[in-house]
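Breakdown of the fold
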Amino acid sequence: MKRESMCLSATLCRTNRTKGRTTMTLQQLEERLLKLEEKFQELEQQITPTTPTKPWRNTFGMFADDPDFDEVLRLGREYREQENQRTS
């Protein structure tokens, strides 16, 4: 990236030729920061999450009032009780 492209406009920055640094006044720096913050907000609004932050939360209530799932729970409970009686 060229040194000039790091500045928002050619009038905001000037290059210190002897040391290769770009210098700005405090006001110019504040203006640049403001523009960067505005651009960041624009980009942030364009971002839509592709996956929920905690996708496992989407499963809560998934089987509410589902008789088949109630049957699965009942059969699992019976199996565990049988295994506990067998090993006791």
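The rules behind the values
Residues numbered from 1 in each chain as written. Predicted model: local features only at pLDDT ≥ 70, side-chain atom pairs only at ≥ 80, totals over all residues. Heavy atoms only, no water. Helix = DSSP H or I, 4+ residues; strand = E, 2+ residues; numbered from the N terminus. Areas by Shrake-Rupley, 256 points an atom, 1.4 Å probe, with all protein chains shown as cover. Phe/Tyr/Trp six-rings, centres within 6.5 Å; stacked < 30°, edge-to-face > 60°. Buried < 20%, exposed > 50% of the residue type's maximum accessible area, 1.4 Å probe, protein only. Expected span 1.5 Å × (residues − 1). Polar contact = N/O pair within 3.5 Å; in protein donor to acceptor, adjacent residues only side chain to side chain. pLDDT = per-residue confidence, 0-100. Contact = heavy atoms within 4.5 Å. Salt bridge = Lys/Arg side-chain N within 4 Å of Asp/Glu carboxyl O.

1. Brief notes about the overall build of the protein chain
- Scanning the protein chain from terminus to terminus reveals two helices and two strands.
- Summing over all exposed atoms, the protein chain offers an accessible surface of approximately 8500 Å²; the carbon and sulfur share of this is 54%.

2. What to know about the packing of aromatic side chains
- According to the stated counting rule, one finds two aromatic pairs in the structure shown.
- Between W56 and F60, the ring centres sit 5.8 Å apart and the planes meet at 70°, which makes this aromatic pair edge-to-face.
- Both rings, one in F63 and one in F69, keep their centres 4.5 Å apart while their planes meet at 10°; by these two values the pair is stacked.
- Residue class for F69 comes out partly exposed when judged on its relative accessible area of 28%.

3. Details of helix α2 (residues 67–87)
- Across its 21 residues, α2 extends 30 Å between first and last C-alpha, which sits within 8% of the 30 Å expected from 1.5 Å per residue.
- The N-capping residue of α2, defined by a side-chain oxygen 3.0 Å from the backbone nitrogen of D68, is D66.

4. Some thoughts on the side chain of Q28
- Assignment of secondary structure puts Q28 in helix α1 (residues 26–46).
- Within the local environment of Q28, its side chain forms a polar contact with the backbone nitrogen of T25, the two atoms lying 2.7 Å apart.

5. Observations concerning the confidence of the model for the protein chain
- When pLDDT is averaged along the protein chain, the result is 80, and 73% of the positions lie at 70 or above.
- Ranking the elements of the protein chain by mean pLDDT puts strand β1 (residues 14–16) last with 54 and α2 first with 95.
- Low pLDDT, under 50, characterises residues 1–5; the stretch is placed with four contacts to residues that sit more than four places away or in other chains.

6. Digging into unusual backbone geometry
- Positive phi outside glycine occurs at D65, with the angle close to 60°.
- With respect to the element layout, D65 can be found in the loop between α1 and α2.
- Overall, the relative accessible area of 78% leaves D65 in the exposed class.

7. A closer look at the pattern of salt bridges
- One pass over the full model with this rule turns up four salt bridges.
- Across the pair R74 and E71 runs a salt bridge, and its minimum N-O distance is 2.6 Å. Taken as a pair, R74 and E71 lie in helix α2 at a separation of three residues, close to a single helical turn.
- The residue E83 makes a salt bridge to R86 at a minimum N-O spacing of 2.9 Å.

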